[in-house]
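# Coordinates in review
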Amino acid sequence: MLLFWKHGYESTSLSVLKAGMGGITAPSFYAAFKSKEALFAEVVDLYLMTHGRVTAPLWDDDLAPRQAVERTLRGSARMQTGRGHPRGCLLVLAASTCSPANEHVQQLLAEQRARVRKGFQQRVRQAIDLGDLSGETAVSAYAATLHGCLMGMSTEARDGVATATLDTSIDYLMLGWDRLAAVSGLPA
């Protein structure tokens, strides 16, 4: 997982993978994983069950929509800038561009990102339904803003931007939520 996360799908060659696995042979690699693509699919699943769990608040019904969104963003900022793994998000950085032969790998990650975008949309829609955000809020556009912040943190984290800076950017983003709430006549 760390090799794909650090180098991306296409740049992580079979020789890099074999060396990272203690120098296993090509036949052993193929017997264990069938293909590089199959291994990558397993890596994505592992990432989602570990580091990718930072988006879990989006589906936690015990949290208010604003709280779920903010926890997701702050948890992601901490994870993406954490130690012990490459900075940024594997789902954003591992295959943001691919050769035509690997577009299906790019699609796999796009589907996972779409799932998170949909989580933001559900939370924004829920906040509108609860009266916590203005009914004039453009659900898809505001969810894209929140998701865009989450995705953009990957590049910022990879470039070495500090967690504290990302947290402050989330403060500003959540001010937008509070302003949309104020339009509804509700306290922020």
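Report on the accompanying structure. Quick caveat, the model's predicted, so the values are computed rather than measured.

## Brief notes about the environment of H85
- Topologically, H85 is positioned in the loop between α5 (65-80) and α6 (90-93).
- In this structure, the C-alpha to C-alpha distance between H85 and M1, residues 84 residues apart in sequence, is 9.3 Å.
- Sequence-distant contacts of H85, defined by excluding residues within four places in its chain, comprise L2, W5, H51 and M79.
- Of the polar contacts made by the side chain of H85, one reaches the backbone oxygen of M79; its length is 3.1 Å.

## Concerning unusual backbone geometry
- For K34, which is not a glycine, the phi torsion comes out positive at approximately 75°.
- By the secondary structure assignment, K34 is in the loop between α3 (26-33) and α4 (36-49).
- K34 sits in the exposed class, given a relative accessible area of 64%.

## Structural notes on the nonpolar core
- Core analysis: the largest hydrophobic core is formed by 46 residues, its most contacted members being L73, L90, F120, L146 and W177.
- Elements with a contribution of two residues or more to this core: α1 (2-7), α3, α4, α5, α6, α7 (103-129), α8 (139-158) and α9 (163-183).
- At eight residues, the largest contribution of residues to this core is made by α8.
- When sequence neighbours within four positions are dropped, the list of residues in contact with W177 reads P65, R66, V69, R123, V124, A127, L133, Y142 and L146.

## Considerations on the environment of G75
- Take G75: it is sitting in helix α5.
- For G75, a relative accessible area of 11% puts it in the buried group.
- The spacing of G75 and H51 is 24 residues in sequence and 9.8 Å in space, taken between C-alpha atoms.

## A word on the packing of aromatic side chains
- A complete count under the given rule lists seven aromatic pairs for this structure.
- A ring pair is formed by F4 and Y9, whose centres lie 5.9 Å apart and whose planes are at 10°; its orientation type is stacked. Summarising the burial analysis for this pair, F4 and Y9 share the class buried.
- Chaining the aromatic ring pairs together yields one cluster made of F4, Y9 and F40.
- Here R115 stacks its cationic end above the ring of W59, 4.3 Å away from the centre of that ring.

## Describing the pattern of salt bridges
- A complete count under the given rule lists five salt bridges for this structure.
- Between R74 and E70 there is a salt bridge whose closest N-O contact spans 2.9 Å. Taken as a pair, R74 and E70 lie in helix α5 at a separation of four residues, close to a single helical turn. Here the two residues R74 and E70 agree in accessibility, since each one is buried.
- Salt-bridge contacts for R74 lead to D171; the nearest nitrogen and oxygen are separated by 2.4 Å. Remark: D171 occurs in helix α9 and R74 occurs in helix α5; sequence separation between them is 97 residues.
- Residue class for R74 comes out buried when judged on its relative accessible area of 16%.

Scoring rules and cut-offs
Residues numbered from 1 in each chain as written. Predicted model: local features only at pLDDT ≥ 70, side-chain atom pairs only at ≥ 80, totals over all residues. Heavy atoms only, no water. Helix = DSSP H or I, 4+ residues; strand = E, 2+ residues; numbered from the N terminus. Contact = heavy atoms within 4.5 Å. Polar contact = N/O pair within 3.5 Å; in protein donor to acceptor, adjacent residues only side chain to side chain. Buried < 20%, exposed > 50% of the residue type's maximum accessible area, 1.4 Å probe, protein only. Core = buried A, V, L, I, M, F, W, Y, C linked by side-chain atoms within 4.5 Å. Phe/Tyr/Trp six-rings, centres within 6.5 Å; stacked < 30°, edge-to-face > 60°. Lys NZ or Arg CZ within 6 Å of the ring centre and 35° of its normal. Salt bridge = Lys/Arg side-chain N within 4 Å of Asp/Glu carboxyl O.

Just distances and angles here, no functional claims.
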